[in-house]
Amino acid sequence: MKRALITGISGQDGSYLAEHLLSLGYEVHGIVRRVALEDPTRRFSRIDHLRDRINLQPASMESYPSLFNIISKHKFDECYHLAAQSFVAESFADGFSTMNTNINGTHYMLAALRELQPECRFYFAGSSEMFGKVRESPQNEATPFHPRSPYGISKVAGFDLTRNYREAYDMYCVSGILFNHESPRRGYEFVTRKITSTVAGIKAGLAGELRLGNLEAKRDWGHAEDYVKAMHLMLQQPEPEDYVVATGETHTVRDFCELAFGKANLDYRDFVKIDEQFCRPAEVDLLIGDASRARRSLGWKMNYTFEELVSQMVKGDLDALDNLPNKQRQIETIA
Ligand code: GDD
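Cut-offs used in this document
Residues numbered from 1 in each chain as written. Predicted model: local features only at pLDDT ≥ 70, side-chain atom pairs only at ≥ 80, totals over all residues. Heavy atoms only, no water. Disulfide = S-S within 2.5 Å. Buried < 20%, exposed > 50% of the residue type's maximum accessible area, 1.4 Å probe, protein only. Near = heavy atom within 4 Å. Polar contact = N/O pair within 3.5 Å; in protein donor to acceptor, adjacent residues only side chain to side chain. Areas by Shrake-Rupley, 256 points an atom, 1.4 Å probe, with all protein chains shown as cover. Nonpolar A, V, L, I, M, F, W, Y, C, P; charged D, E, K, R; others polar. Domains from an automatic or database assignment. Axes fitted to C-alpha atoms, helices over the stretch in contact; angles between N-to-C directions. Helix = DSSP H or I, 4+ residues; strand = E, 2+ residues; numbered from the N terminus. Parallel < 35°, antiparallel > 145°, perpendicular 65-115°, else oblique. Left-handed = near helix turned anticlockwise from the far one by under 90°. Contact = heavy atoms within 4.5 Å. Salt bridge = Lys/Arg side-chain N within 4 Å of Asp/Glu carboxyl O.

> Outline the state of the cysteines, listing residues and values.
Following the criterion strictly, the structure yields 0 disulfides and no others. For the unlinked cysteine Cys79, the closest cysteine sulfur is that of Cys120, found at 5.4 Å. Accessibility expressed as a relative area gives 1% for Cys79, which makes it buried.

Next up, the structure:
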């Protein structure tokens, strides 16, 4: 039986990846923070249904000894490093902590693995944010990076660290350059979930408008459940290589609004208001990925279309509100 370690297991991607690895017969361990602002019920809501089948280990991405300790206790075949401060807007608000957590966290994981188990295969969650002010479209593995946020810069550093451990120490270390990927488990601060949760709130009479920033930004949005399968495939290859994972389609935030509101028989133009506070100091205007290498070499394919993704997210939020007791509804709807 293979044993895997997932950092960020309580997040959207971590939860889908844990399910996928369990379905393949893996023993799954996950790193969780010892302290968090969210209460445990909410914090572990995405992995609640897996709790008796996974091993949770407390540690902090900011503490090398805590990570070293976990890696010294068990022998892992594969390590998926997903933990990060992943909200781009927050990285402008506090670039220092984003850099500390994202860059040092990756470095600590790599250094501890090199020290204790250099044969463990390592996956780094790279990002299409690394392309930033894009030099070409669509973007592929050879497209130069030009990050536009502290978050993007931290991901370029993690990508370089991962490649350097591969080249310097001959370790099996790869980066997935994943374009935006969403699902009903997406955090509420990201634009897709902000839109679908507010659509549900408006339908339930709990919200009257949706305040957004740049509606013209274009993103290549896929489904997280499809994307975690690519992560796993990347660690099963004869040689370590980096891969772009994307749908090859791009849509504006406005398109997303139109479709999501339309799914609930609403017209987004009646509810969406532009609010400068949600615009970023530097924006990534256009992302569209070319995942030919992943399709060709990994045999990766997607199961969800863009429309199915949006439908599933809207339905998930509508159903969640339907199932909530009245007094909790106000709290759950983040407008
Ligand atoms: N979050 C948010 N909130 N975004 C808004 C809003 C708003 O009110 N209004 C417009 N947007 C625009 C942002 O300016 C951006 O262009 C786009 O919507 C998507 O924003 P996010 O959903 O926050 O995601 P992201 O593209 O910045 O980053 C996500 O994808 C990356 C991969 O490209 C995150 O998941 C990153 O962690 C990931 O690496």
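> Go over the site of the ligand, please, and point to the residues and values.
Around the ligand there are 25 residues in total, and Ser86, Ser127, Ser128, Tyr151 and Arg280 lie nearest to it. Contacts to the ligand include Asn180, whose side-chain N or O atom sits 2.8 Å from an oxygen atom. One nitrogen or oxygen atom from the side chain of Lys194 is found 2.8 Å from an oxygen atom belonging to the ligand. Relative to its unbound accessible area of 720 Å², the ligand is 96% covered by the protein chains. Looking at side-chain class alone, the shell around the ligand contains 11 nonpolar, 6 polar and 8 charged residues. Domain assignment of the residues forming the shell around the ligand places at least three in each of domain 1 (3-182 + 221-245) and domain 2 (191-219 + 249-286 + 305-334).

> Tell me about the packing of helix 3 (residues 64-73) against helix 5 (residues 95-116), residues and numbers included.
Between helix 3 and helix 5, the least distance of the axes is 9 Å, while the angle of their chain directions is 40°. Classified by the angle between their axes, helix 3 and helix 5 sit oblique to one another. Both helix 3 and helix 5 take part in a crossing whose hand is right-handed. Every residue of helix 5 that contacts helix 3 at Tyr64, Leu67, Phe68, Ile71 and Ser72 is listed here: Tyr108, Met109, Ala111, Ala112, Leu113, Glu115 and Leu116. When the residues that make up the contact of helix 3 with helix 5 are grouped by side-chain class, the tally is 10 nonpolar, 1 polar and 1 charged.

> Account for the pattern of salt bridges, naming residues and giving values.
This structure, assessed with the given rule, holds 18 salt bridges. Its salt-bridge partner being Arg193, residue Asp317 comes within 2.8 Å of it at the nearest N-O pair. Of this pair, Asp317 sits in helix 11 (residues 306-322) while Arg193 sits in helix 7 (residues 191-203), and the two are 124 residues apart along the sequence. Each member of the pair, Asp317 as well as Arg193, is classed as buried. Residue Arg219 pairs with Glu283 through a salt bridge whose shortest N-O separation is 3.5 Å. In this pair, Arg219 is assigned in strand 9 (residues 218-219) and Glu283 in the loop between strand 13 (272-274) and helix 10 (292-298), connecting sequence segments 64 residues apart. Residue Arg219 shares its accessibility class with Glu283, and that shared class is buried.

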